[in-house]
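Structure assessment
Take a look at the letters that make up each chain.
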Amino acid sequence: MTMKIRSSVFASLCLIVEVFGIALFLRGFFPVPVKSSFSSKSKLSDLPPEPLAGNSSKIPPPLFKKVVIVLIDALREDFVFGPKGRQYMPYTRHLVERGSAHSFVAKARAPTVTMPRIKALTTGSIPGFIDVVMNLNSPALLEDNLIWQAKNAGKKMVFYGDDTWVRLFPKHFMEHDGTTSFFVSDYTEVDNNVTRHLDTTLKRDDWDILILHYLGLDHIGHLTGPHSSLIGPKLIEMDDILKKIHTSLISKESEGSLSNLLMLCGDHGMSETGSHGGSSEHEVNTPLVLISPAFKRKVGFETPQSVEQVDVTPTLSLGLGLPISQNNVGRLILPVFEESSLRDRLRFLHLNGLQLSHLIKDSTPSFEKDPGYEQFRIAEKSHGNWMKLYLEGNTSEVLSNMGKKVLKQYLEALKSMSSSLSKQLGRYDMYSMIVGLIVVLEALLLLLVSMAEALSSAAEVDLPLASSLCSLPFYLTCLFFSAVHVMMCTSTESSCYFCSLSWALVFGVIVFFSALLCVVLSITGRWLSWGNPPAKTQTSSNSGFSELDTLLLTGTLGHVLSLGASSFIEEEHQTWYFLLNTLCLALFQDVCRKYFREKKSYKDLEESPFLPSKEDAPTPSYGPRGSNEKWLALATPLVSLACCRVLRSLNQTGVQWAHLPDLGHWLNSSEHNVALSLLAAASLALIFSLVQRRCSLVSKVALALGLLGVYSYRAAVGNVLFPWQRDGRDISKGTVEARFVYIFVLGILFTGAKDLLRSQVITSDGRLQSRGLWEVYSGVVLLAALLFRPHNLPVLLCCLLTQAMMARYIWKELQYDAAQTTIMHYWFGQAFFYFQGNSNNIATVDISAGFVGLDNYVEIPAIFLTAFSTYAGPLLWACHLVCYLSSERERSTAAMSHGCYCFALLRSIPAAAYVVLVTALRYHLFIWSVFSPKLLYEGMHTLVTTAVCVFFTAMDQNRPART
């Protein structure tokens, strides 16, 4: 039994299988950490005594009575220690320079998003990279942490701010008021909701720990960047709040009691574009200011010392008299304990060392050979010798010098153990990774071995189901994989996600990819037995590659090979810019050859092996006929080159040069607001002129009103100006204006969907389908215009202009086949992804787009809008490809199927190759900072491409009959 299916259906099914494989691979590559059980948390009663001290006190008395933690989201270190701090935070800066305070630069680890950073501050551990995804829906934190230890010790805690804390620590706070952290359009009420509790809480004396998490600064960064005029007033507001808290704490200080502590910190920093998530200097460097009368008063500004963000956990734990969390990898910030006795300081370091040594024992089989562990044992023996002299009453200088030496030994041991533990992040679920990898490779191999049939004039793939499923190799393969599964799940000690699934589900997966493997082998055997691809007999006899074919193939494979280098991933935009420029020059050469050199007729241009036969390709009635249009065809590649050059200067991206100023920074500065307004208005007007020509009258009116609403929305939120708007103040929050645009987007999409449904169900009218597709495309363009920042509207304009000129003067006139046109669309889509300012860094995701038109956080719309805004470039080019190939059915009835298949193959090759590369490079130095973010982008891009190919398939089901 065989089953013939359309190439588009076949490609979509392969992509769906590939998405499943990538999801399984990601589940193994980013395993959810196993949380400690409730009974395994550290306890005071479990702490050993001091070396040779018998039943001496197990932990020194606490240093602080009350602690107030002010966490300002996205607070960069230069906002406090730099010029902005001196200008906008004078009180805090005075405390740093002249007060009883210690200042540090706390370095965060990637991913620099809120939830993983809160975990790092409270557990002292370094969260896994998958927490960047789990940040959207934080589960309760079950592993040992500072908040649980404080609650267990009877300390009363109050929290106001980001509700991530409430989700991580349910039922831990005596009183709390959480605010959603995702509605980035709000940067006033989100902080007022915290501050409104402050006066009454500070007057009360029934709490021990007060945590305030302010979100406004982070939201301003997402909306307008770190150099916005809104940053200064927000820092002034934060400085006033710190002054109020510090004054209240000082007034409550009493003689002979413990001192209070005020801690100012940031969870992460802010990139030059206002976002975060990556590992740039501005994202990982955060200020840490500890203010307390227990510290010596400063005599001048000192350059802050660098510490790790995880060092806060052991410091606060011992400062409050609590055990250190068992998964902590941080080390004590010793200057905080400068006023403690030498014995207490050695005891603090000893407790920190014991906790780190126990963690090394649990995580390292050969822990005795660890340099830090050996150093700690030596320091512990020296500590015992010091304690022996100390308990004997020795007060000589020898004892003091010996104590300082032990102190230094402890510090070196802690540094070494902390570094060793921090590097042990690569704990992978290899079994799940390998299963996912096999599925991805099988899907790619199935696409490759079916290429000849998929690109034939029939555009159908013959799947040999009977010979594959009813064969001995299929049953042997099922038995083999079942045996491997049993062996892996019974012999391994570590928990494995694939092993935790039910046997029925696992057996279904085994049967599925066993069948997939047999189908691949069967098609390969059939292909080899014939000696030639079956499609050869159905295509033109001239099967040689043209220069353009060679360029497209070489460029695509060259890009895939470049993914093996971290620097090429960081600067991938340069690869696509180079390929696009080369493509434009190659197209320019083809145009010159057609009009000025070879003077060939249309019939002579049918050189591709995948072009339709002559009876399927009537002489086209389109194309440049006059001299002016001939010159326009010649100018099209040059105009595309010019557009690409301008767009490269609009948004600096990547890593090496992302900090350099660009046109986007210039346009977004307040003094150039008029220029930005004029540019946005002109771009929207030209976008309308390019899109409206193929729409119905109703859609044209809706598009015009929608684009007017886009400008009104940007004016409402203060990005651009109306002619009558003189003071530059916001008219509103823009919610009404954005929803006004959404109505027209839905109206245009509905009109297009209605025409498509009529063309598919009622009548096979190609013109009606073409109009419906174009109206759907117009709705997508309108949505992109709404979500794009005003300075990025020229990106959308250049995209539409390039598409219009290429379709009119290049692709049709030079009669490129569906495969060539698809590859060119894919290349343009990839380049425009980076023209938007995107990169392979999580920090460049513009999450503010997810809240356009929303007055509160709604998860599904926010995720959809953010994803659409991020991948708008590839999506626009994919949608245009559908429209273009639909119009090409007069020349080739299989164009849509060929395009869908090529699109799937273009996405599958880099995705599969990158999964293999990441597996091989999983212990690379830059695996978490460079390769992991790119892996998430590849997975998301594959999912988006799958959705596009499903749309391709829907449009290809009712193709016109061949004539």
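Residues numbered from 1 in each chain as written. Predicted model: local features only at pLDDT ≥ 70, side-chain atom pairs only at ≥ 80, totals over all residues. Heavy atoms only, no water.

Right, let's get into the overall build of the protein. On a plain count of helices and strands, the protein comes out with 38 helices and 10 strands. Contacts spanning at least 24 positions in sequence make up 78% of the contacts within the protein whose residues lie at least 6 apart. About 39,200 Å² of surface is accessible on the protein, with carbon and sulfur atoms providing 62% of the total. (Helix = DSSP H or I, 4+ residues; strand = E, 2+ residues; numbered from the N terminus. Contact = heavy atoms within 4.5 Å. Areas by Shrake-Rupley, 256 points an atom, 1.4 Å probe, with all protein chains shown as cover.)

Turning next to the environment of K381. Looking at the secondary structure, you find K381 in helix α16 (residues 371–391). The exposure class of K381 is exposed, given its relative accessible area of 64%. Linking K381 and V406, residues 25 residues apart in sequence, is a C-alpha distance of 9.2 Å. (Buried < 20%, exposed > 50% of the residue type's maximum accessible area, 1.4 Å probe, protein only.)

So, on to the nonpolar core. Among the nonpolar cores identified, the biggest contains 171 residues, and F29 and L583 are the most heavily contacted of them. For L583, the residues in contact, after removing those within four places along its chain, are L548, L551, L552, M824, W827 and F828. (Core = buried A, V, L, I, M, F, W, Y, C linked by side-chain atoms within 4.5 Å.)

Glancing now at the state of the cysteines. A complete count under the given rule lists one disulfide for this structure. Across the disulfide, C489 is cross-linked to C499 (sulfur-sulfur distance 1.9 Å). Here the disulfide of C489 and C499 is left-handed, its torsion about the S-S bond being about -85°. One end of the pair, C489, is in helix α21 (residues 472–491); the other, C499, is in helix α22 (residues 497–500), with 10 residues separating them in the sequence. For C499, a relative accessible area of 24% translates into the label partly exposed. Not part of a disulfide, C584 finds its nearest cysteine sulfur in C644, a span of 5.2 Å. Its sulfur unpaired, C643 is 3.8 Å from the next cysteine sulfur, which belongs to C798. (Disulfide = S-S within 2.5 Å.)

Unusually for a residue other than glycine, A74 sits at a positive phi of about 65°. Within the fold, A74 resides in the loop between β2 (64–72) and α2 (78–81). Of note, the phi angle at K171 is positive, near 65°, even though the residue is not glycine. Along the polypeptide, K171 turns up in the loop between α8 (164–168) and β5 (175–179).

Viewed as axis vectors pointing N to C, helix α15 (residues 342–363) and helix α17 (residues 397–422) meet at an angle of 30°, and their least axial separation amounts to 9 Å. Considering their axes alone, α15 and α17 lie roughly parallel with respect to each other. In the crossing of α15 with α17, the sense of the turn from one axis to the other is left-handed. Where α15 approaches α17, its residues L342, R345, L346, L349, H350, N352, G353, L356, S357, L359, I360 and S363 are matched on the opposing element by S400, G403, V406, L407, Y410, L411, L414, M417, S418 and L421. (Axes fitted to C-alpha atoms, helices over the stretch in contact; angles between N-to-C directions. Parallel < 35°, antiparallel > 145°, perpendicular 65-115°, else oblique. Left-handed = near helix turned anticlockwise from the far one by under 90°.)

Turning our eyes to something else, we now look at the pattern of salt bridges. When the charged atoms of two side chains with opposite charge come close together, those side chains can pair. Under the defined criterion, the tally for this structure stands at 22 salt bridges. A salt bridge links R196 to D177; the nearest nitrogen and oxygen atoms lie 2.7 Å apart. Residue R196 is found in the loop between α9 (189–195) and α10 (198–203), and its partner D177 is found in strand β5; the two are separated by 19 residues along the sequence. Judged by relative accessible area, D177 falls into the buried class, the value being 18%. Between R593 and E547 there is a salt bridge, with the nearest N and O atoms lying 3.3 Å from each other. Placement of R593 in helix α26 (residues 572–597) and of E547 in helix α24 (residues 547–562) is noted, with a sequence separation of 46 residues between them. R593 sits in the buried class, given a relative accessible area of 19%. Under the relative-accessibility criterion, E547 is labelled exposed at 52%. (Salt bridge = Lys/Arg side-chain N within 4 Å of Asp/Glu carboxyl O.)

Let us look at the environment of Y497. As for its placement among the helices and strands, Y497 is situated in helix α22. Taking C-alpha positions, Y497 is 7.4 Å from D429, a pair spaced 68 residues apart along the chain. Ignoring sequence-local partners within four residues, the contact set of Y497 consists of L24, R27, D429 and S432.

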